[in-house]
Amino acid sequence: MKSCQWCNAQFATKVSYQIYCSPECREQATKEKIAERYAVTRRQKRHGKNRNCKSCNTKLSVYNDELLCDNCLVNPQDVLKALKEIKGISNGKPFETNK
Ligand SMILES: [Zn+2]
Ligand SMILES: [Zn+2]
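Residues numbered from 1 in each chain as written. Chains lettered and ligands numbered in written order. Predicted model: local features only at pLDDT ≥ 70, side-chain atom pairs only at ≥ 80, totals over all residues. Heavy atoms only, no water.

### Some words on the overall build of the chain
Stage number 1. Summing up its helical and strand segments, the chain has three helices and two strands in all.
Stage number 2. Going residue by residue from the N terminus, the α and β elements of the chain occur as β-β-α-α-α.
Stage number 3. Split into buried and exposed, the 99 residues of the chain put 17% on the buried side.
Stage number 4. Look at the contacts in the chain between residues 6 or more apart in sequence, and 6% of them connect residues 24 or more apart.
Stage number 5. Summed over its atoms, the accessible surface of the chain is roughly 8600 Å², and 51% of this surface lies on carbon and sulfur atoms. (Helix = DSSP H or I, 4+ residues; strand = E, 2+ residues; numbered from the N terminus. Buried < 20%, exposed > 50% of the residue type's maximum accessible area, 1.4 Å probe, protein only. Contact = heavy atoms within 4.5 Å. Areas by Shrake-Rupley, 256 points an atom, 1.4 Å probe, with all protein chains shown as cover.)

Shown next, in the form of structure tokens:
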């Protein structure tokens, strides 16, 4: 007898590598493993990436999902302006060319 790695139920098996009592348990456990791995890689990715505030270039915290640092978030008007300028630069369009 073995006990299921997922639901802990006792089950009999002929194959030594079987660790779950049923396909359902195996599926649930697999799903959880995938979700776990996904959460880990997402965290690691974020740690490996240096993100700076789009407005003042301060390094952003890994827990900050915004494009801006806390200081800039306080001042949405200035930030909007700065973002527009950044967009203009990244589009490769210089300002005030349409005359
Ligand atoms: Zn089970
Ligand atoms: Zn900032």
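### Section: the coordination of the zinc ion (ligand 2)
Stage number 1. Here the zinc ion (ligand 2) is held by the protein donor atoms Cys-53 (SG), Cys-56 (SG), Cys-69 (SG) and Cys-72 (SG), which lie 2.2 to 2.3 Å from it.
Stage number 2. In this structure, the zinc ion (ligand 2) is coordinated by four donor atoms arranged in tetrahedral fashion, with angles at the metal of 103 to 114°.
Stage number 3. Donor residues for the zinc ion (ligand 2) sit on one chain with the sequence pattern C-x2-C-x12-C-x2-C. Of this pair, Cys-56 sits in the loop between helix H1 (23–48) and helix H2 (70–73) while Cys-72 sits in helix H2; the two residues are 16 residues apart in sequence, bridging distant segments of the chain.
Stage number 4. In this structure Cys-56 comes out as partly exposed when scored by relative accessible area, which is 38%. (Donors = N, O, S within 2.8 Å, 3.2 Å for Na, K, Ca; no water. Tetrahedral: all angles 85-135°; square planar, octahedral: opposite > 155°, others 65-115°.)

### Topic: the pattern of salt bridges
Stage number 1. Throughout the structure, instances matching the rule amount to one salt bridge.
Stage number 2. The shortest N-O distance in the salt bridge between Lys-31 and Glu-27 comes to 3.7 Å. Residue Lys-31 and its partner Glu-27 are located together in helix H1, separated by four residues, close to a single helical turn.
Stage number 3. Classification of Lys-31 by relative accessible area gives partly exposed; the value is 48%.
Stage number 4. Residue classification places Glu-27 among the partly exposed residues on the basis of a relative accessible area of 46%. (Salt bridge = Lys/Arg side-chain N within 4 Å of Asp/Glu carboxyl O.)

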